[in-house]
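Chain by chain, the residues:
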Amino acid sequence: MPLPVRSPGRIKFGEFLIDLQTGELSSNGHKSTLSEQPLQLLIALLEQPGELVTRDELRKRLWGSETYVEFDLGLNKVMNRLRESLKDSAEHPRYIETLPRRGYRFIASPVAEEVASPEPTSASKGQLAEASASLARKSQRVVLRRWMTHSLLIVAVILVGVLAARSLWTRSEPRFHQLTFRRGSVFTARFAPDGRAVLYTAAWDGNPGRTYSTRPEFPESRSLGNIRFHILAVSQLGEMAMLLKPNFVAHRQHIGTLAVAPLSGGAPRELADGITDADWSPNGKELAVVRGSQGRYRIEFPIGTVRYETSGWISDIRFSKEGDTIAFVDHTVFPDDGGAVALLDLNGRKSVLSKGWNSIEGLAWSADGKEVWFGAGALQAVTRGGKTRAVLSAGTDITLHDISRTGSVLLSEDNKAISMMMSAADGKGERDLSWLKSSVVTDISSDGKTILFSEEYTGGGPSYSTYVRRIDETDAFRLGQGGSLALSGDNKWAGVAANVAGREQFLLVPTGPGTPKRVDNSGIQNVYMMSWLPDNIHFLYSGAEAGHGPRIYLGDVNGGKPVPMTPEWTYAAASWSGNIISPDGKQFFAKDSSHNLWIYPVNEGPGRRVTQLAPAEIPFQWTSNGEAIYVYRQAEIPSRVYRIPIASGKKLLWKELKPADPTGVLDIIAAVGTPDGSSVAYSFDRWLSDIYVVEDLK
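These figures come from a predicted structure and were not determined experimentally.

1. Describing the pairing of strand 45 (residues 587–592)
- Burial analysis of strand 45 places five of its six residues in the buried class, the great majority of the element.
- In this sheet, strand 46 (residues 596–601) lies alongside strand 45 in antiparallel orientation, the contact comprising five bridges. In the strand pairing of strand 46, Ala 590 is matched with Trp 598.
- Hairpin connection, strand 45 to strand 46: the antiparallel pair is bridged by three residues, and His 595 has positive phi, about 70°.

2. Quick look at the packing of helix 1 (residues 36–46) against helix 2 (residues 55–63)
- Running from N to C, helix 1 and helix 2 cross one another at 135°; their axes reach a closest spacing of 10 Å. Of the possible angle classes, the one that applies to helix 1 and helix 2 is oblique. Crossing geometry of helix 1 relative to helix 2 is assigned as right-handed. In this structure, helix 1 uses Gln 37, Gln 40, Leu 41, Ile 43 and Ala 44 to contact helix 2, whose residues at the interface are Leu 58, Arg 61, Leu 62 and Trp 63.
- Taken together, the residues of the contact of helix 1 with helix 2 sort by class into six nonpolar, two polar and one charged.

3. With respect to the pattern of salt bridges
- Taken as a whole and judged by the stated rule, the model has 27 salt bridges.
- Here Asp 56 and Arg 59 are joined by a salt bridge, their closest N and O atoms 3.2 Å apart. Highlighted residues: Asp 56 and Arg 59, both in helix 2, separated by three residues, approximately one helical turn.
- Take Asp 56: its relative accessible area is 38%, and that puts it in the partly exposed class.
- Its relative accessible area of 27% is what places Arg 59 among the partly exposed residues.
- Glu 300 is the salt-bridge partner of Arg 291, the closest N and O atoms lying 2.7 Å from each other.
- Each of the salt bridges in this network shares a partner with another, and the network as a whole consists of Asp 194, Arg 196, Arg 215 and Glu 217.

4. Some details on helix 2
- Along helix 2, the residues classified as buried are Arg 55, Leu 58, Leu 62 and Trp 63. One side of helix 2 carries all its buried residues, which in axial view fall inside an arc of 95°.

5. A word on the sheet that holds strand 51 (residues 652–657)
- With antiparallel pairing, the four strands of this open sheet are ordered in space as 48-49-50-51. A strand with exactly one partner marks an edge of an open sheet, and here the two such strands are strand 48 (617–622) and strand 51. Taking each pair of neighbouring strands and ignoring which way they run, the sheet shows an average axis angle of 30°.
- Pairing of strand 48 with strand 49 (residues 628–633), which is carried by five bridges, proceeds in the antiparallel orientation. Bridge pairing links Ile 618 to Tyr 632 in strand 49.

6. Remarks on the sheet that holds strand 6 (residues 96–99)
- Strand order in the open sheet made by the three strands is 5-7-6, with antiparallel pairing throughout. If you trace the sheet from one side to the other, it starts and ends with strand 5 (52–54) and strand 6, each paired once. Strand-to-strand twist across the sheet, computed as the mean angle between neighbouring axes with direction ignored, equals 30°.
- Pairing geometry for strand 5 and strand 7 (residues 103–106), over three bridges, is antiparallel. Bridging across to strand 7, Val 53 finds its partner in Tyr 104.

7. A word on the nonpolar core
- In this structure, Phe 13, Ile 18, Ile 96 and Phe 106 are the most contacted members of the largest nonpolar core, which totals 28 residues.
- Listing elements by their share of this core, those giving two or more residues are strand 1 (9–13), strand 2 (16–19), helix 1, helix 2, helix 3 (71–86) and strand 7.
- A per-element tally of this core places helix 1 first, with seven residues.
- Once residues lying within four places of it in the same chain are set aside, the contact partners of Ile 18 are Gly 9, Arg 10, Ile 11, Phe 13, Gly 23, Glu 24, Leu 25, Leu 34, Leu 39, Leu 42 and Leu 46.
- Residues Val 333, Ala 572, Ile 581 and Phe 588 belong to the second largest nonpolar core, which totals 26 residues.

8. A word on the packing of aromatic side chains
- In this structure the tally under the stated criterion is 25 aromatic pairs.
- Aromatic pair Tyr 308 and Phe 328: ring centres 5.5 Å apart, planes at 45°, arrangement tilted. Remark: Phe 328 occurs in strand 22 (residues 325–331) and Tyr 308 occurs in strand 20 (residues 306–310); sequence separation between them is 20 residues. Taken individually, Tyr 308 and Phe 328 each receive the classification buried, so the pair is uniform in this respect.
- Ring geometry for Phe 620 and Tyr 632: centres 5.6 Å apart, planes at 70°, overall edge-to-face.

9. Remarks on the environment of Lys 437
- Positionally, Lys 437 belongs in the loop between strand 31 (430–432) and strand 32 (439–444).
- Counting along the chain gives 23 residues from Lys 437 to Gly 460, while the straight-line C-alpha distance between them is 9.2 Å.
- Beyond its immediate stretch of four places on either side in the chain, Lys 437 contacts Lys 77, Glu 84, Asn 415, Lys 416, Ala 417, Ile 418 and Glu 455.

10. Observations regarding the environment of Ser 582
- Turning to its location among the elements, Ser 582 is positioned in the loop between strand 44 (570–571) and strand 45.
- Overall, Ser 582 belongs to the buried group, its relative accessible area being 4%.
- C-alpha of Ser 582 to C-alpha of Thr 623: the two residues are 41 residues apart in sequence and 8.2 Å apart in space.
- With near-sequence residues (within four places) excluded, Ser 582 lies in contact with Gln 587 and Trp 622.
- Among the polar contacts listed, one links the side chain of Ser 582 to the backbone nitrogen of Lys 586, at a separation of 3.4 Å.

The rules behind each value
- Residues numbered from 1 in each chain as written.
- Predicted model: local features only at pLDDT ≥ 70, side-chain atom pairs only at ≥ 80, totals over all residues.
- Heavy atoms only, no water.
- Buried < 20%, exposed > 50% of the residue type's maximum accessible area, 1.4 Å probe, protein only.
- Helix = DSSP H or I, 4+ residues; strand = E, 2+ residues; numbered from the N terminus.
- Pairing = 2+ DSSP bridges.
- Axes fitted to C-alpha atoms, helices over the stretch in contact; angles between N-to-C directions.
- Parallel < 35°, antiparallel > 145°, perpendicular 65-115°, else oblique.
- Left-handed = near helix turned anticlockwise from the far one by under 90°.
- Contact = heavy atoms within 4.5 Å.
- Nonpolar A, V, L, I, M, F, W, Y, C, P; charged D, E, K, R; others polar.
- Salt bridge = Lys/Arg side-chain N within 4 Å of Asp/Glu carboxyl O.
- Arc of directions from axis to C-beta.
- Core = buried A, V, L, I, M, F, W, Y, C linked by side-chain atoms within 4.5 Å.
- Phe/Tyr/Trp six-rings, centres within 6.5 Å; stacked < 30°, edge-to-face > 60°.
- Polar contact = N/O pair within 3.5 Å; in protein donor to acceptor, adjacent residues only side chain to side chain.

Shown next as structure tokens:
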């Protein structure tokens, strides 16, 4: 007999208990919450235990008839998420069995835990009968009146139905063609001038990135020569803009030497250094570029003429069809991929089309040039007037790479995750402490037993979530909304940067009982780093006042105006993690926009330069004696960690951070350690991508 899963209650199967109203899933004292689609998929299977639930039934259940997705891709993604939550596998299922090409079957024995309804008494039965008779008499009096009304409504419904059916008959579903089938990360992809061939740069099977060509009618990709380069744009005249000697920066972005070369073959011609992105003008004769220099990003057109500059970062510049405007993604804080879709005219006037997105990956103009399409969870579109609509909801993370002149859309489906690993002093080797698939470590207690981290992507919510976790316990404890910053020395408080109702807030949140405190940071925005002084009252944090460059400020838990501690364009750790204050609390380290490592006194006084760092080298911790600083290389796998004595400034290799499986790993995005070096925790980005060409999107 099918279970009554539609009524309020809970279902128990195996070690799990699922609350059908809230989606809360419990197992051996551990609780998590299923998102909407995995929950609906589980309910569909529980309604028919032991029976086949077809893929078509699940399509209608999860997406309905009016939502167009690449169904196989979407369902497989949702099923994988559900199996992860249930600790189940397709090869050796305990709960969900796959029937190839047909559907799925729930093979466990579910038991319903229902909320019992009280039996009616004799008196209530009599009252119910009398009320029913009265209702019947009233119904007879209105039958005629309702018949007239319903007749008119039926005619109207028929007319609406005819029009709706006519619309559906003329609507075509999107068609998906998968182009890549290997395991790894796709960085950029572009259509060739014919609109069929595709050029893309990817790192497959743990190897360095290379550029390939492929076509929808062939499953194989061909490597484009032995020179390692990163494709940026292809002109209508058949010329490639590329990066030579590319170095990974963040997300899909690389930095290197801009060069151009014909698709037909020939040696590349170098044009400019320090370039991260480029696009051809519509006539195929000029290039607009993004250049990263001294902590700032600039749009130049022509090359060398600055049209726009920001202390954030820029990605995905694309010329309009008319060539009078450049669309781009304006990111607020490096390396966070949240931001806004913006336009820039050739006189340097910027306007914002759509803002407040937690993540934007990829941008292109629509085939008719009337909208800018961009990847923000789903595929979105925005007009020049700022009206936004959803074009495609695929149930997964996507990156938009290009749109051809005929309207073919080139995108990648990206399985994105942030893993959190830790090697502790107990000698048990590295362990995976990841929580909700996007765990970014930001601090560790001095004894190495407690970590502070943020959950990003879907699991963390639109403004991220802050968690604490003891490494000897299985569960993490959610402190609240916002990105985590730092633990106080006594482990009683956590700094949190939150976005509440569209406004940035800097909070001190208790790790135990207590009430959060809001820090009055006097309009300082984009707070992304914090370190506590030993008194657990004062702290340093990084941010920027309106119209000024970033710098480091001294704050106080009891309030008071923040005190600037460094010149403008001075940064703490380039990621969100790290403790910049020395063990005695008397000095701290920072980087300037030229990547010089500096030591500053906490009390008044000038700073002292220690050494020159590479752009990807991130200082994150003092040694316990305060004589050296640990630095890791962010954009390489394995990531080398150095110890730099402040007396000599010489880099001494200390250890390597290396995920066991390097496939799809982009970079080490955060690292923290105890002062004695006995425990180190780090987080790394892993993207596994497949490229698709999508036809008939409107």
